[in-house]
Amino acid sequence: MKKQRIQKGQYGYRNYHKKAEFVKILIGFLLIAILLCAKLAVSQQAWKNILTVSAILTVLPTANVASPFLASLPYGTPRAEFHQALAPYEKQMAVLYDLILTSKDFVLPMDGILVHPTGVYAYCTNRKVQVSKAEGFFNELFRAHRLDPHVKILTDEKMFLKRAASLKPACEYDDDGSVEYTVALLKNLSM
């Protein structure tokens, strides 16, 4: 039975993504090792040409894969209990799991994000984050995309789950399509 690919926003994505990226990095290093072995079999001029092409085809893509992999390494998929506590709200609103949102200043591991017509409520496990600056960044980004700039980042799991329980089902609000657009935007911002 083939294992199903886990998409961004689904529970378990971080661990799945790390494994997939690790395989890509291994393949890149394997190609580099093969090229180093080829050095023994070719002339000096041919080796320079092969090395130039290999840098373009293997080293740079491997580095591009390795940098996000290294940034996401400390952050795994949240505990199963967290997923079980948040799962009942999936019927009431859009719920995203395991996203790592980045900007030039922040790496924000979001274990859970509630996308609701009243705003976006995110649980960030990075307790060192400057919440007001991160919220300001996302609110500006949402304004630029013509979305409601109401993003609230919570660093306490109990407060986040309490907020989830306090939200009314999204079906009680008029649907203008902004929830789906916000979900797509958040997935695009994620590593």
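In this report, the structure presented in the accompanying data block is examined. (Residues numbered from 1 in each chain as written. Predicted model: local features only at pLDDT ≥ 70, side-chain atom pairs only at ≥ 80, totals over all residues. Heavy atoms only, no water.)

## Things to note about the environment of P149
Then, number 1: With respect to the element layout, P149 can be found in the loop between helix 4 (131–144) and strand 4 (151–154).
Then, number 2: The spatial distance from the C-alpha of P149 to the C-alpha of V179 is 12 Å, given a sequence separation of 30 residues. (Helix = DSSP H or I, 4+ residues; strand = E, 2+ residues; numbered from the N terminus.)

## Here we look at the pairing of strand 2 (residues 107–116)
Then, number 1: The buried fraction of strand 2 amounts to nine of the 10 residues, a majority that puts the element mostly inside the structure.
Then, number 2: Bridge count for strand 1 (residues 94–102) against strand 2 is eight bridges, and the pairing is antiparallel. Opposite L99, over in strand 2, you have M110 as the bridge partner.
Then, number 3: The antiparallel pairing of strand 1 with strand 2 creates a hairpin that spans four residues between the two strands.
Then, number 4: Once strand 2 ends, the chain turns through two residues before running back antiparallel as strand 3 (residues 119–124). (Buried < 20%, exposed > 50% of the residue type's maximum accessible area, 1.4 Å probe, protein only. Pairing = 2+ DSSP bridges.)

## As for empty space enclosed by the protein
Then, number 1: In this structure the tally under the stated criterion is two cavities of 30 Å³ or more.
Then, number 2: The space that makes up the largest cavity amounts to roughly 50 Å³.
Then, number 3: If you go around the largest cavity, the residues you meet are Y13, R14, H17, K18, S72, D98, I100, S190 and M191.
Then, number 4: Elements represented by at least two residues in the lining of the largest cavity include exactly helix 1 (13–38) and strand 1. (1 Å grid on protein atoms, 1.4 Å probe; cavity = no way out; pocket = protein on both sides within 12 Å on 5 of 7 lines; lining within 4 Å. Points joined across faces, edges and corners; volume = space filled by probe spheres on them.)

## Regarding the layout of surface pockets
Then, number 1: One number sums up the size of the largest pocket: a volume of about 280 Å³.
Then, number 2: Around the largest pocket, the lining is made up of 20 residues, and of these H116, P117, D176, S178 and V179 lie nearest the centre.
Then, number 3: Of all the elements in the fold, those that place two or more residues in the lining of the largest pocket are strand 2, strand 3 and helix 6 (178–189).
Then, number 4: Ranked by residues supplied to the lining of the largest pocket, first place goes to helix 6 with four residues.
Then, number 5: The class makeup of the residues in the lining of the largest pocket is nine nonpolar, six polar and five charged. (Nonpolar A, V, L, I, M, F, W, Y, C, P; charged D, E, K, R; others polar.)

## Details of the pairing of strand 4
Successive residues of a regular strand alternate their side chains across the two faces of the sheet.
Then, number 1: As paired elements, strand 3 and strand 4 share four bridges and run parallel to each other. The residue bridging A122 from the neighbouring strand is I153, located in strand 4.
Then, number 2: Regarding the hand of the β-α-β motif, the stretch spanning strand 3, helix 4 and strand 4 is right-handed. (Right-handed = clockwise from strand over helix to strand, strands pointing away.)

## Observations regarding a negative patch on the surface
Then, number 1: Side chains of D174, D175, D176 and E180 sit close together on the surface and give a patch of like negative charge.
Then, number 2: Along the chain, D174 falls in the loop between helix 5 (157–166) and helix 6.
Then, number 3: What makes D174 exposed here is its relative accessible area of 76%. (Patch = residues over 30% accessible without salt bridge, like charges linked within 9 Å, V, L, I, M, F, W, Y side chains within 5 Å. Areas by Shrake-Rupley, 256 points an atom, 1.4 Å probe, with all protein chains shown as cover. Salt bridge = Lys/Arg side-chain N within 4 Å of Asp/Glu carboxyl O. Lys, Arg positive; Asp, Glu negative; His and termini not counted. Charge placed at Lys NZ, Arg CZ, Asp CG, Glu CD.)

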